[in-house]
Amino acid sequence: MLQSFEPFVDKKTRILVIGTMPGEASLNAGEYYAYKHNVFWRLASELFNEQRPFDDYAQKLSCLRKQAIGLWDNLRFCERCGSLDSNIKNAVPNNFEKLFKEYPSICRLAFNGQQSYKFFKKFHPQLLDKYQYFVLPSTSPANASISYDKKLELWREAVCL
């Protein structure tokens with residue numbers, strides 16, 4: 001069984017970006033969105049870092065923290081061959097009810113892709129009515145049907161307060 005990361009949140013987090021499950025590169029690196037072809041950090045750089053690339057993972061997280069953005073994934077555990085969400089089996093969800101009670105400043109959810117939204121809706125449908133949320137195009141390279149510019153536009157609407 002694969003295990004996801006702990007949430008990256010603090011008491012000031014207002015927006016929570018929700019993925020499905022870290023891919024192989026992320027799990028190996030111990031970092032959210034570590035796969036070099038995933039555009040998540042490129043989007044964050046354009047939106048919040050004056051289009052400058054980040055020096056390291058700590059700088060990436062610091063940038064998100066300044067924007068009151070947190071990260072977590074839908075699944076706590078799962079089985080998966082490779083990194084594709086479509087290969088996920090035996091999914092065990094993270095406890096979002098507990099997270100939201102502990103961090104009541106979270107008011108907006110940004111789902112990183114359709115699969116992320118589908119898992120959340122499956123395991124936590126009662127929470128969707130309580131939060132403003134956006135179902136965004138996945139930042140994964142597997143989602144190449146939407147241009148980078150369109151992704152940037154949609155992500156800007158969702159994560160820029």
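Residues numbered from 1 in each chain as written. Predicted model: local features only at pLDDT ≥ 70, side-chain atom pairs only at ≥ 80, totals over all residues. Heavy atoms only, no water.

### Things to note about the packing of aromatic side chains
Next, step 1: If you walk through the whole model with that rule in mind, you get 16 aromatic pairs.
Next, step 2: Between the aromatic rings of Y117 and Y133, the centroid separation amounts to 5.6 Å while the plane-to-plane angle is 20°, which identifies the pairing as stacked. Of this pair, Y117 sits in helix α5 (residues 114-123) while Y133 sits in strand β7 (residues 132-136), placing them 16 residues apart in sequence.
Next, step 3: For Y117, a relative accessible area of 15% corresponds to the buried category.
Next, step 4: In this arrangement the basic side chain of K11 is found over the ring face of Y103, its NZ or CZ atom lying 4.8 Å from the centre.
Next, step 5: Its guanidinium or amino end placed over the ring of F77, R76 lies 5.9 Å from that ring's centre, counting from NZ or CZ. (Phe/Tyr/Trp six-rings, centres within 6.5 Å; stacked < 30°, edge-to-face > 60°. Helix = DSSP H or I, 4+ residues; strand = E, 2+ residues; numbered from the N terminus. Buried < 20%, exposed > 50% of the residue type's maximum accessible area, 1.4 Å probe, protein only. Lys NZ or Arg CZ within 6 Å of the ring centre and 35° of its normal.)

### Quick notes on the nonpolar core
Note on soluble globular proteins: their nonpolar side chains tend to be buried together.
Next, step 1: Residues L16, W41, L71, F100 and V159 are the most contacted members of the largest nonpolar core, which totals 43 residues.
Next, step 2: Those elements that provide at least two residues to this core are β2 (15-19), α2 (40-48), α3 (57-66), β3 (69-73), α4 (96-102), β6 (108-112), α5 and α6 (148-159).
Next, step 3: Counting residues per element, this core draws most heavily on α2, at six residues.
Next, step 4: Those residues in contact with L71, other than ones at most four positions away along the chain, are P7, F8, L16, V17, Y32, Y33, F40, W41, L61 and L64.
Next, step 5: If you look at the next biggest cluster of nonpolar residues, it comprises five residues, including M21, L75, I88 and F119. (Core = buried A, V, L, I, M, F, W, Y, C linked by side-chain atoms within 4.5 Å. Contact = heavy atoms within 4.5 Å.)

### Side note on the sheet that holds β6
Next, step 1: Taken in spatial order, the four strands make up an open sheet running β3-β2-β6-β7, and their pairing is parallel. Single-partner strands in this sheet number two, and they are β3 and β7. Within this sheet the neighbouring strands show an average axis-to-axis angle of 20°, counted without direction.
Next, step 2: Pairing between β2 and β6: four bridges, direction parallel. Within β6, the residue paired with I15 across the bridge is R108.
Next, step 3: The strands that α5 touches are β2, β6 and β7; relative to β6, the one it contacts most, it runs at about 125°. (Pairing = 2+ DSSP bridges. Axes fitted to C-alpha atoms, helices over the stretch in contact; angles between N-to-C directions.)

### Let's talk about the sheet that holds strand β5 (residues 89-93)
Sheet strands pair by backbone hydrogen bonding; their relative direction is either parallel or antiparallel.
Next, step 1: Taken in spatial order, the three strands make up an open sheet running β1-β4-β5, and their pairing is antiparallel. This sheet does not close on itself; its edge strands, each paired only once, are β1 (2-3) and β5.
Next, step 2: In this structure, β1 lies alongside strand β4 (residues 75-79), joined through two bridges in antiparallel fashion. Among the inter-strand pairings, Q3 is bridged to a residue of β4, identified as F77.

### Quick look at the side chain of K151
Next, step 1: Its location among the elements puts K151 in helix α6.
Next, step 2: Of note is the side chain of K151, whose polar atom sits 2.9 Å from the backbone oxygen of N143.
Next, step 3: If we skip the residues at most four places from it in the chain, K151 touches V39, L43, P137, S138, T139, S140, N143 and I146. (Polar contact = N/O pair within 3.5 Å; in protein donor to acceptor, adjacent residues only side chain to side chain.)

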